[in-house]
Amino acid sequence: MPNAPAPSPVRQSLTDLPEWKALQSHCAQTSHEHLREMFKNDPTRARSLSTDGPGGMFMDYSKQRVTSQTMDLLLSLCEACGLRARIDAMFRGDKINVTEDRAVLHVALRAPRTSRIMVDGIDVVPEVHQVLDRMSTFADSIRSGAWKGHTGKRIRHVINIGIGGSDLGPAMAYDALTAYSARDISFRFVSNVDATDFAEKTRDCDPAETLFIVCSKTFTTLETMTNASTAREWTLKGLGGDATAVAKHFVAVSTNAQKVKAFGIDTANMFGFWDWIGGRYSMDSAIGLSTMVAVGPSAFREMLGGFHEMDEHFRTTPFAKNLPVIMALVGLWNSNFLGAQTLAVLPYDQYLDRFSAYLQQLEMESNGKHVTLDGTRVKWSTCPAVWGQPGTNGQHAFYQMIHQGTPLVPCDFIAFCEPLNPIGTHQDLLIANVLAQAEALAFGKTLEEVEAEGSAQWLAPHRQFDGNRPSTMILAPKLTPAMLGRLIALYEHKVFVQGTIWGINSFDQWGVELGKVLAQRIIPELSGSTPKPAHDSSTQQLIGRYRAGRRR
Ligand code: F6P
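Notes on the structure in this doc start here. This structure is a prediction, so every number in the text was calculated from the model and none was measured. (Residues numbered from 1 in each chain as written. Predicted model: local features only at pLDDT ≥ 70, side-chain atom pairs only at ≥ 80, totals over all residues. Heavy atoms only, no water.)

1. Notes on the overall build of the protein chain
Check the secondary structure of the protein chain and you find 22 helices and 13 strands. Taken along its principal axes, the extent of the C-alpha atoms in the protein chain is 75 × 60 × 60 Å. Buried residues in the protein chain amount to 52% of all 552 residues. Expressed as a percentage of contacts within the protein chain between residues at least 6 apart in sequence, the contacts between residues at least 24 apart total 73%. On the protein chain, roughly 24,000 Å² of surface is accessible, and the fraction owed to carbon and sulfur atoms is 54%. (Helix = DSSP H or I, 4+ residues; strand = E, 2+ residues; numbered from the N terminus. Buried < 20%, exposed > 50% of the residue type's maximum accessible area, 1.4 Å probe, protein only. Contact = heavy atoms within 4.5 Å. Areas by Shrake-Rupley, 256 points an atom, 1.4 Å probe, with all protein chains shown as cover.)

Rendered as structure tokens:
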């Protein structure tokens, strides 16, 4: 357990800051304004409320319910919250994760070989590149078939075993970059402790052709260790029980060499990373080994290059033109002043199928916090619930609520100009839809317009759209490995900016602990071999029902 951190310079409570109060009164004066009027009153609005980022990424936030004045006030707030100093502290390797006494250096994972980033007096960049080089050699040997399984067959199935940050990033990145991946190897991801996940993902695999990548920062996580043990049994059973087979069919990615060894994986087959990388910020470390095997070392390095470009953009661009900062401020405006409690992330690209699931951990595990850095309870709301589905599927499911429901649901739309599968008119139809959705949300349809179309008066209210529903459009040239890197870094830094303003620690996750501890207590009680459990009456009743259901 780390020592209590040295007290940070006392910061006035967020809601007492004059900059916060200025935003409150600005909100009271302007929140009734409709996007229809805002666009009518300012013909330059689209231009002034949009920004270009690295790699041709373009962000149009003119359909957010902000004006230039709102943005100025939000920018003053982030200055007052010391954003500049926090960014410098993170990039410098200061231990800003105070509750775990750790630096927060995912930016070092994509730093060029020539940079220097110090942690506890050691330059970590050479170590990062050593691991990347080892990963490259390994990935090439799997892709070329030089790496042979125990019986001499080449690897045809790569199965990543991990959960949370050791699963969501690799699973999302594999989907996102499928178009760039080796098509003669299948890639699968087992995360859930529900055996169905393992059983279904291995059903059609030959153990002689299957490689497991066991990913776990701690190498203690219940789900991952259970799945890894099952995988080892499955492999040995399929290969005649010879324990030496493990060396050819298992590699580990972890910070914990001791536990890897204790599990039975030779540390020669281990790829390391460091405690200064949070699980949810680790997909570009060795945790991304499956991604590298899938797309090859050079595409993986292109992805790292994209991350780094966004890091540099974030570190050096004035806040008024800084994509992660703008995105964070607009989100904060929606949550803390307009009262939105969720954020829908809606990529119009099928390859980003898992992107919102990935962001759920990145955003909600980072900023789903109830106390500030000094332990006092926040008096403002923090992370909104993040959710979404790729377009156009969502349009035929939950968009009804976004258009006409009672909650305010801000949306991030993500789209690319160039399709990866240029077939017929699909891409034009896809892009027409995303543009139309943002337009419909912003401007809606008045009762008069509905009636003018000849709708019966009684029906008109059902067909009317209020509009004034905020969205941001991120439009980029093409989904490439580098663009994926830029996109993820954009959200990583947005989370950082919001966490800074909310005054919370975005890099710990104590909220996941209690459930884990209670599960450990319940596990033996389910088998019936232990004395009667002592829980609340509801939990006790459910344990009893379960035992009866299993005839125990
Ligand atoms: O339960 C939360 C968590 O600690 C995440 O932060 C992490 O990504 C995940 O579990 C997996 O942890 P590990 O990589 O140590 O297995």
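2. As for the site of the ligand
Lining the immediate surroundings of the ligand are 14 residues, of which Ser166, Ser216, Thr218, Thr221 and Glu365 lie closest. Here Thr221 contributes a side-chain N or O atom positioned 2.5 Å from an oxygen atom of the ligand. In the model, an oxygen atom of the ligand is placed 2.7 Å from a nitrogen or oxygen of the Glu365 side chain. When the residues that make up the shell around the ligand are grouped by side-chain class, the tally is 2 nonpolar, 9 polar and 3 charged. (Near = heavy atom within 4 Å. Polar contact = N/O pair within 3.5 Å; in protein donor to acceptor, adjacent residues only side chain to side chain. Nonpolar A, V, L, I, M, F, W, Y, C, P; charged D, E, K, R; others polar.)

3. Quick notes on the sheet that holds strand β2 (residues 58-60)
Spatial strand order, β1-β2-β13-β12-β10-β11: 6 strands in an open sheet with mixed pairing. Two strands in the sheet have a free side with no partner beyond their single neighbour: β1 (50-52) and β11 (385-387). Going across the sheet, the axis of each strand differs from the next one's by a mean of 15°, ignoring polarity. In this sheet, strand β13 (residues 471-478) lies alongside β2 in antiparallel orientation, the contact comprising 3 bridges. Looking at β13, one finds that Asp60 is bridged to Met473. The sheet strands contacting helix α20 (residues 481-502) are β2, β10 (342-347), β12 (411-418) and β13, and the helix crosses β13 at an angle near 155°. (Pairing = 2+ DSSP bridges. Axes fitted to C-alpha atoms, helices over the stretch in contact; angles between N-to-C directions.)

4. Some words on the environment of Gly544
With respect to the secondary-structure elements, Gly544 resides in helix α22 (residues 537-549). By relative accessible area, Gly544 is classed as partly exposed at 35%.

5. Re the nonpolar core
Trp276, Phe355, Leu484, Leu487, Leu490 and Tyr491 are the most contacted members of the largest nonpolar core, which totals 124 residues. For Phe355, the contacting residues outside a window of four places in its chain are Met172, Val345, Pro347, Ile414, Leu487, Ile488 and Tyr491. One finds Ile161, Ala231, Val246 and Ile265 within the second-largest nonpolar core, a separate group that totals 22 residues. (Core = buried A, V, L, I, M, F, W, Y, C linked by side-chain atoms within 4.5 Å.)

6. As for the pattern of salt bridges
A complete count under the given rule lists 24 salt bridges for this structure. Lys201 serves as the salt-bridge partner of Asp197, at 2.6 Å between the closest nitrogen and oxygen. Within this pair, Asp197 and its partner Lys201 are both found in helix α8 (residues 195-202), separated by 4 residues, close to a single helical turn. When the shortest N-O distance is used, the salt bridge between Glu365 and Arg280 registers 2.9 Å. Here Glu365 is found in helix α15 (residues 355-367), whereas its partner Arg280 is found in the loop between β9 (270-272) and α12 (289-295), with 85 residues between them in sequence. Of the residues examined, Glu365 reaches a relative accessible area of 22% and is grouped as partly exposed. Residues joined by salt bridges that share partners form a network here, namely Arg110, Asp284, Asp311 and Glu492. (Salt bridge = Lys/Arg side-chain N within 4 Å of Asp/Glu carboxyl O.)

By themselves these figures say nothing about function.
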